[in-house]
Amino acid sequence: MKNLIVLTLLLFFFSGHTQKSKLTAEHYQNARKSFRQKMPDNSVAVLFSAPIRNLANDVDYIYHQDPNFFYLTGWHQPHSVLMIYKNAQTDSGGVYHEKIYVPERNDYMEMWNGKRYDLEEVKELGFDRVAERVDFKHDSQNLDRFDKVLMFEFKNDIRNQKTYVFRDNVRYKVDDPLDLFDLKATFREAINFPNDFNRLAYTAYQRIMQADEENFEAFRDEVAYLVNQDSLLMEDEIIRDFLKEPAQDFYNEAKMKTAFALRNYNFDIETLAGIMADLREIKTKNEIDLLKKAVAISVVGQIEVMKAMHPGMSEREIQGIHEFVYRKYGAADEGYPSIVGAGKNGCVLHYIENDEEDLHNQLVLMDLGAEYYGYTADVTRTIPANGVFSAEQKALYQIVYDSQEAAINASQEGNSFRSIYKLSYDIIAEGLQQLGIINEASEARKYYPHGLSHHIGLDVHDPGNYGNLEANMIITIEPGIYIPENSPCDPKWWNIGIRIEDDVLVTSEGPINLSAGAPRDWERIEALMKEESALKDFILPEINSLIQ
Ligand code: GLY
Ligand code: MN
Ligand code: MN
């Protein structure tokens, strides 16, 4: 019996939460106000918290809130829903524009997984209305009064979760009837979401509805592109007719047929992502402050590793130093799995095994970012394990550096993402040609196979429109050269992977490199690597001597 009790206790699931928000209720009220301004008339937006992910058996990954949900709420707990209404709603308490649904208190669950909140406490976070999640079941029943229900596409990757209930003082493990799985199922039914929903057909229908006389051909091209991805779309009569040579007034007829086909649906899975991209690509002052902190913490990690590194270290040990620094400064997490790759591992763009034990005299590519109160940095330095660049390493490094330097300087308001990428590419192509590694500029794509830049924020790859740069965007500038073994060039270049990545704030006075504190040029890197490390006296016992 005793064993049985122990087993039940051990089998109880584990799930911790990430950091709460550091920003004020007012910050999130403003975010929701800006969101509402962009909503179409008579629409409602329905956003769900992130699912809990299982690590192993009864242990879950540390919970990480969905960034869009967090952006609008600052709310860090699972099994929650947010509704925002374009037009004022009324109830007995008066007018409201938003309502958040959160899990009810449960002493037993809180004993295991930590505090849940009273509705009054959640209300202090600045929401017009706060309700228990059970109320979502009721409130979602009359969504057909809205012209549009804005939502993200269902991903169908949510586990049905268990909870515990007491009856007559006996504890039972049961399906949680109000977990995210059930809340989404309720919502799905409420909006009449088709079981055989086809995303491409949906998109084609949207384009047909948007088609006008002036841009008719452009919309037809878009629909033809969708059909190219799935030829079964041609079995849809409306899509097939829309792609035929248009007769006079044909597109009006196609539109009418489409509207008729869609008459039972008012959900919209395109507009919400667009609004979030518009909002999130421009950072507020509060967000800039948190991102500056996340970047500064990551910079200290790079600096400390530059001082501590020697060829006897392992990739994991290096990762550990960065991540220790992050925790030391109060960052709860990394914004993405840390990348520490020596030599050939540096040529794998998203290498995360970090299991090489001997760095030899190779270049070590370190792409890591602290996540500070939800906001993540994304900084890469590539340094020689032995503190000195070889001639080949230096020649390639200088090309990446020159490319990055030009792109950072060009990160000016009004310039396009495309133009700064092109600038960085041309410099790398020119450099590789001069070294005889390639013959034609177009071949550089083989050694510089990724983009130059992305927004950072609550996501390491934050949403945005990727048109022109605007003030208060924070973007990465991260060119690279990667020459894996057996590449068609002199073997002396093989197994060198280099990326230099900085986080740049675009302002009306020009770019500010927020991660400039971590040296980027080879002279300063070599000089810093000669400095004494704070970890020099951090010597642990030889482990085998401690194994009993
Ligand atoms: N660390 C992922 C990236 O640089 O985009
Ligand atoms: Mn990165
Ligand atoms: Mn990046």
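These lines cover the structure that appears in this document, whether it is placed above or below. (Residues numbered from 1 in each chain as written. Chains lettered and ligands numbered in written order. Predicted model: local features only at pLDDT ≥ 70, side-chain atom pairs only at ≥ 80, totals over all residues. Heavy atoms only, no water.)

## Re the site of ligand 1
Inspection of the region around ligand 1 gives Tyr336, Asp367, Asp378, His454, His461, Glu478 and Glu501 as its neighbouring residues. Between Asp378 and ligand 1, the recorded distance is 3.2 Å, taken from a side-chain N or O atom to an oxygen atom. The side chain of Glu501 places a nitrogen or oxygen atom 3.2 Å from an oxygen atom of ligand 1. Protein chains shield 92% of the accessible area of ligand 1, which is 190 Å² for the free molecule. Partitioned by chemical class, the residues of the shell around ligand 1 number 1 nonpolar, 2 polar and 4 charged. (Near = heavy atom within 4 Å. Polar contact = N/O pair within 3.5 Å; in protein donor to acceptor, adjacent residues only side chain to side chain. Areas by Shrake-Rupley, 256 points an atom, 1.4 Å probe, with all protein chains shown as cover. Nonpolar A, V, L, I, M, F, W, Y, C, P; charged D, E, K, R; others polar.)

## Quick notes on the nonpolar core
Counting 100 residues, the largest nonpolar core has Phe35, Met309 and Leu396 as the members making the most contacts within it. The element best represented in this core is helix 13 (residues 285–308), accounting for 10 residues. Residues within four places of Phe35 in sequence aside, it is in contact with Ala45, Leu72, Ile84, Leu272, Ile275, Met276 and Leu279. Core analysis: the next-biggest nonpolar cluster, separate from the first, contains 24 residues, Val44, Leu183, Tyr202 and Ile269 among them. (Core = buried A, V, L, I, M, F, W, Y, C linked by side-chain atoms within 4.5 Å. Buried < 20%, exposed > 50% of the residue type's maximum accessible area, 1.4 Å probe, protein only. Helix = DSSP H or I, 4+ residues; strand = E, 2+ residues; numbered from the N terminus. Contact = heavy atoms within 4.5 Å.)

## So, the layout of surface pockets
In this structure, the largest pocket spans a volume of roughly 1000 Å³. At the level of elements, strand 1 (43–48), helix 3 (67–73), helix 7 (180–190) and strand 11 (333–334) are the ones that each hand at least two residues to the lining of the largest pocket. Surrounding the second largest pocket, 16 residues form its lining, Met313, Glu317, Ile321, Leu535 and Phe538 being those nearest its centre. If you list the elements that add at least two residues to the lining of the second largest pocket, you get helix 13 and helix 14 (315–328). Tallying contributions element by element places helix 14 first for the lining of the second largest pocket, with 4 residues. (1 Å grid on protein atoms, 1.4 Å probe; cavity = no way out; pocket = protein on both sides within 12 Å on 5 of 7 lines; lining within 4 Å. Points joined across faces, edges and corners; volume = space filled by probe spheres on them.)

## A closer look at the coordination of the manganese ion (ligand 2)
The manganese ion (ligand 2) binds to the protein through Asp367 (OD), Asp367 (OD), Asp378 (OD) and Glu501 (OE); the donor distances cover 2.0 to 2.3 Å. Coordination at the manganese ion (ligand 2) comes from 6 donor atoms whose angles at the metal span 57 to 171°, giving a geometry best classed as irregular. All donors of the manganese ion (ligand 2) belong to a single chain; written as a sequence motif, their spacing is D-x10-D-x122-E. Taken as a pair, the manganese ion (ligand 2) and the manganese ion (ligand 3) show a spacing of 3.3 Å, with Asp378 coordinating each metal. Of the two residues, Asp378 sits in the loop between strand 15 (375–376) and strand 16 (379–384) while Glu501 sits in the loop between strand 19 (496–499) and strand 20 (502–507), which places them 123 residues apart along the sequence. We classify Glu501 as buried; its relative accessible area is 0%. (Donors = N, O, S within 2.8 Å, 3.2 Å for Na, K, Ca; no water. Tetrahedral: all angles 85-135°; square planar, octahedral: opposite > 155°, others 65-115°.)

## Some points on the packing of aromatic side chains
Within the structure shown, the criterion is met by 25 aromatic pairs. For the ring pair Tyr421 and Tyr425, a centre distance of 6.0 Å and an interplane angle of 45° mean the geometry is tilted. One end of the pair is Tyr421 and the other is Tyr425, both in helix 16 (residues 417–434) and 4 residues apart, which spans about a single turn. Of the residues examined, Tyr421 reaches a relative accessible area of 22% and is grouped as partly exposed. Grouping aromatic residues by their ring pairs yields a cluster made of Phe48, Tyr101, Phe136, Phe154, Phe187, Phe193, Phe197, Tyr202, Tyr265 and Phe267. Taking the ring centre of Phe260 as reference, the NZ or CZ of Arg263 above it sits at 3.9 Å. A cation sits over an aromatic face here: Lys394 above Trp522, 3.7 Å from the ring centre. (Phe/Tyr/Trp six-rings, centres within 6.5 Å; stacked < 30°, edge-to-face > 60°. Lys NZ or Arg CZ within 6 Å of the ring centre and 35° of its normal.)

## A closer look at the pairing of strand 1
Burial analysis of strand 1 places 6 of its 6 residues in the buried class, the great majority of the element. Neither face of strand 1 is left uncovered, since the one carrying Ser43, Ala45 and Leu47 and the one carrying Val44, Val46 and Phe48 both have all their residues buried. Across 3 bridges, strand 1 lies against strand 7 (residues 148–150) in parallel orientation. Within strand 7, the residue paired with Val44 across the bridge is Val149. (Pairing = 2+ DSSP bridges.)

## Regarding empty space enclosed by the protein
Summed over the entire model, instances satisfying the criterion amount to 2 cavities of 30 Å³ or more. Considered as a void within the structure, the second largest cavity measures approximately 40 Å³ in volume. Contributing to the lining of the second largest cavity are Pro51, Ile52, His79, Ile158, Arg159, Gln161, Asp179, Leu180 and Phe181. Across the lining of the second largest cavity, the residue classes tally to 5 nonpolar, 2 polar and 2 charged.

## Looking at the sheet that holds strand 17 (residues 474–477)
Strand order in the open sheet formed by 3 strands is 17-20-21, with antiparallel pairing between adjacent strands. In the strand order of this sheet, the two ends are held by strand 17 and strand 21 (510–513), each with one partner. Averaged over all pairs of adjacent strands, the angle between strand axes in this sheet comes to 40°, irrespective of strand direction. Inspection of the sheet shows strand 20 paired to strand 21 by 4 bridges, in the antiparallel sense. Across the sheet, the residue bridging to Leu505 is Ile512, located in strand 21. (Axes fitted to C-alpha atoms, helices over the stretch in contact; angles between N-to-C directions.)

## Section: the sheet that holds strand 6 (residues 129–132)
The 6 strands are arranged 6-5-4-1-7-10 in an open sheet whose pairing can be described as mixed. Only two strands of the sheet have a single neighbouring strand rather than two, namely strand 6 and strand 10 (267–268). Bridging between strand 5 (residues 94–102) and strand 6 involves 4 bridges; their strand directions are parallel. If you follow Lys99 over to strand 6, its bridge partner there is Arg129. Taken strand by strand, helix 7 contacts strand 1, strand 4 (81–91) and strand 7, and its axis lies near 155° from that of strand 1.

## Brief notes about the coordination of the manganese ion (ligand 3)
Within the protein, the atoms that donate to the manganese ion (ligand 3) are Asp378 (OD), His454 (NE2), Glu478 (OE) and Glu501 (OE), at distances of 2.0 to 2.2 Å. All donors of the manganese ion (ligand 3) come from a single chain, and their spacing in sequence reads D-x75-H-x23-E-x22-E.

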